[in-house]
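Each chain, written out:
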Amino acid sequence: MPAPANNIRTIAISTGGGDCPGLNAVIRAAVKSAILQYGWTVLGIQDGFDGLIWPEKCRKLELTDVSGILPRGGTILGTTNRGDPFKYKVMVDGREVVQDLSEQIIGNAHRLGIDAIIVIGGDGTQKIALDLFQRGVNVVGVPKTIDNDLSATEVTFGFDTALHTATDAIDKIHTTAESHHRTMVVEVMGRDVGWIALEAGIAGGAHVILIPEVPFTIQKVCEIIEKRTAQGKRFTIVVVAEGVKVPADLREVYGQERRAIPRSGTVGNLIGDALGMRLKREVRVTVLGHIQRGGSPSPFDRILSTRFGVAAVDLIARGEFGKMVCLRQARIQSVDIAEAVGKLKTVDPNGDMVHTARATGVSFGD
Ligand code: F6P
């Protein structure tokens, strides 16, 4: 057993933000590695950082607790995307009040004997991890999101599985669209970026891909559909990322250029309706929504999650706190969390992936 480089006895694991396939695989790898390699005690923090506000929600994770969870979606620890302890929303006298509970959670972490915390989460959760690190907590980060929009890592786990789900859906939409000679709009996730739409669109043979990084118009999408009709192609698949902005030629109806969608489903329906009205033909809309966040992780995601979990434990053993594991040039590396947060990895409209799509006849509605 390699000797720990510091005085670690007990570590804790927390999952924050939206769930994604592969979280359990990270937890399993970290628990196994911490116990088998270093002989540490591992605590699971329930529901993001809420488990440190109410420490009775923390529980010891033994090897038996992680047995069989590798292929399971979700997170056995639970999660929340409303649990920033620095800006915690509580109800006081029927009014929502924002409180800073960071002292409380840091105190509870000390009382539980936690020497270091593995924080698994996306950009928002890693920002909280950084704030805790700056307050003296030993944290290491593990990046996750199906959106694949963290710039510090080439890929996040969860993305590959979401891509499989979205591609499978587009394949299925294809056959019904073709049979009914319809235009079908498929809305996929991607809060701010178009990675799922772009890659699932390419993999699923979409004819139009609409992403936040490429401004488009309804007029142009209509022209593409009419052109296909003139060529004898009686159906069209339009894949749209939920994060697209209102197209210029719908702004007089829907207003500002800001992101169109208060909740998923809005933008796909908005585009579907606009296409249907202008083309005067049947358009159907499918919103994949949270289906993309569920299910068993793909082999790629299981392996990446396992590598990240082990790497996070090794960072703790080396005393390298305030760092986040990442994948670069197919190798597991680490970066300062401070460097990693707040920088979105967006699709390059002039990059190879968009070029590949355009070269094979895909339109971006521009
Ligand atoms: O960031 C991951 C993600 O799934 C986005 O693609 C999506 O916009 C958002 O989370 C949905 O969040 P919620 O689960 O709060 O609806």
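Described below are features of the structure shown in this document.

The rules behind the values
Residues numbered from 1 in each chain as written. Predicted model: local features only at pLDDT ≥ 70, side-chain atom pairs only at ≥ 80, totals over all residues. Heavy atoms only, no water. Core = buried A, V, L, I, M, F, W, Y, C linked by side-chain atoms within 4.5 Å. Buried < 20%, exposed > 50% of the residue type's maximum accessible area, 1.4 Å probe, protein only. Contact = heavy atoms within 4.5 Å. Helix = DSSP H or I, 4+ residues; strand = E, 2+ residues; numbered from the N terminus. Pairing = 2+ DSSP bridges. Axes fitted to C-alpha atoms, helices over the stretch in contact; angles between N-to-C directions.

A general tendency of soluble globular proteins is for nonpolar side chains to be buried together. Formed by 90 residues in total, the largest nonpolar core has its most connected members in Ile11, Ile27, Ile118, Ile237, Ile271 and Leu275. Sequence-distant contacts of Ile11, that is, excluding residues within four places in its chain, are made with Ala34, Trp40, Thr41, Val42, Leu43, Ala116, Ile118, Val313 and Ile316. Grouped together as the second largest cluster of nonpolar side chains are 29 residues, Ile45, Ile53, Ile106 and Ile114 included.

As a further point, take the environment of Gln126. Examined against the element boundaries, Gln126 turns out to sit in helix α5 (residues 123-134). Separated by 211 residues in sequence, Gln126 and Ile337 place their C-alpha atoms 6.9 Å apart. Non-local contacts of Gln126, meaning those with residues more than four positions away in its chain, are made with Val119, Ile120, Gly121, Gly141, Val142, Pro143, Met324, Ile337 and Val341.

The strand order across the open sheet built from 7 strands is β3-β2-β1-β6-β7-β12-β13, with neighbouring strands paired in mixed fashion. Looking along the sheet, the strands with just one partner apiece sit at the ends: β3 (59-60) and β13 (331-336). Pairing of strand β1 (residues 10-15) with strand β6 (residues 116-121) involves 5 bridges; the strand directions are parallel. When the sheet's bridge partners are listed, Ala12 is paired in β6 with Ile117. Relative to the sheet, helix α1 (residues 23-38) contacts β1, β2 (41-45), β6 and β7 (139-143), its axis offset from that of β1 by approximately 175°.

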